[in-house]
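In case you want the letters, here they are:
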Amino acid sequence: CIGGDGTVSEVVNGIMSRGDREELLERLVLGTIPAGSECALAKMTSFVNPLAATWTILKGHRVRPVDVIRIAQGPRELFSLCGVGWGLGGKLAEDSEALRATYGPARYLVSGLKSFMNLKGCKGELLITGLRDTESYTKKHGACAFGAPCSVCDDQRREKREQLV
């Protein structure tokens, strides 16, 4: 997928809205070549340089699972890979799109100031479900389910080094 966070969001929401999404997710690998204004997902997971990202995808490197955030608003269901904002952050992101052509990257500052001046409360509820068993995932796939070092990965590396000696 070539684009920014909005393009990735559209692709992910399209995949997750399908009836066969579980089957599709078993065989699909989604790669991103950053070409947006912020590219937050690329900054968090891979390369911001489009050429480096393209080369990495073509070589099949750095394939790893990512968590998908499900957002339910009544009957409406959305999905995200980067995060979710509501209140000031959500309003800023929503309003900044209308300012893109006029202000470019500065639209976030303009939108932020406008949102802050008109700040109102916003109720929300956060429910975390379906936590992954990271240790069994790591043992099965040989790589950690998240980028940070973990004791399972450290133990596996130590065992491999000991086998080489």
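Parameters and conventions
- Just so you know, the residues in each chain are numbered from 1, in the order the chain's sequence is written.
- Reporting of local features is limited, given that this is a predicted model, to residues whose pLDDT is at least 70; pairs of side-chain atoms are given and counted only at 80 or more, and all residues count toward the totals for whole chains, interfaces and linings.
- Working from all heavy atoms in the structure, the side-chain values ignore hydrogens and water.
- Every case where a carboxyl oxygen of Asp or Glu lies within 4 Å of a side-chain nitrogen of Lys or Arg is listed as a salt bridge.
- For every residue, the accessible area obtained with a 1.4 Å probe (protein chains only) is divided by the maximum for its type, and the residue is called buried under 20%, exposed over 50%, and partly exposed between those limits.
- Only protein atoms enter the 1 Å grid used here. Points where a 1.4 Å probe fits but cannot escape make up a cavity, open sets with protein on both sides within 12 Å along at least five of seven lines make up a pocket, and a residue lines them when an atom lies within 4 Å of a point.
- Grid points are joined across faces, edges and corners, and a volume is the space filled by probe spheres set on the points.
- Put simply, DSSP H or I for four residues or longer makes a helix, DSSP E for two residues or longer makes a strand, and each gets a number counted from the N terminus.
- All residues other than Ala, Val, Leu, Ile, Met, Phe, Trp, Tyr, Cys, Pro, Asp, Glu, Lys and Arg, Gly among them, are scored as polar; the first ten of these are nonpolar and the last four charged.
- Patch membership needs two things, relative accessible area over 30% and no salt bridge, and members are linked within 9 Å if like-charged or within 5 Å if nonpolar (Val, Leu, Ile, Met, Phe, Trp, Tyr).
- Every accessible area reported is derived by Shrake-Rupley at a probe size of 1.4 Å, with residue values counting cover from the shown protein chains alone.

Participant: What's the story with the pattern of salt bridges in this structure? I'm lost.
Facilitator: As a working rule, side chains carrying opposite charge can pair if their charged atoms are close by. Counted according to the given criterion, the structure contains three salt bridges. Linking E77 and R70 is a salt bridge whose minimum nitrogen-to-oxygen distance equals 3.2 Å. For E77, a relative accessible area of 38% puts it in the partly exposed group. Linking E97 and R100 is a salt bridge whose minimum nitrogen-to-oxygen distance equals 3.0 Å. Residue R100 is classed as partly exposed on the basis of its relative accessible area of 38%.

Participant: Honestly, empty space enclosed by the protein in this entry has me stumped. Any pointers?
Facilitator: To find the voids left in a structure, one rolls a probe of water-molecule size over its atoms. Here the structure, examined in full by the defined rule, presents one cavity of 30 Å³ or more. Within this model, the largest cavity holds a volume of roughly 40 Å³. In terms of lining residues, the largest cavity is bounded by G3, G4, D5, V8, T32, I33, P34, C39, L41 and A42. Mapped by element, the contributors of at least two residues to the lining of the largest cavity are α1 (5-16), β2 (33-34) and α3 (40-45). Its residues assigned to classes, the lining of the largest cavity comprises six nonpolar, three polar and one charged.

Participant: Hey, could you run me through a nonpolar patch on the surface in this one?
Facilitator: Residues L88, F116, M117 and L119 make up a contiguous nonpolar surface patch of roughly 450 Å² in combined accessible area. Here L88 shows up in helix α5 (residues 88-96).

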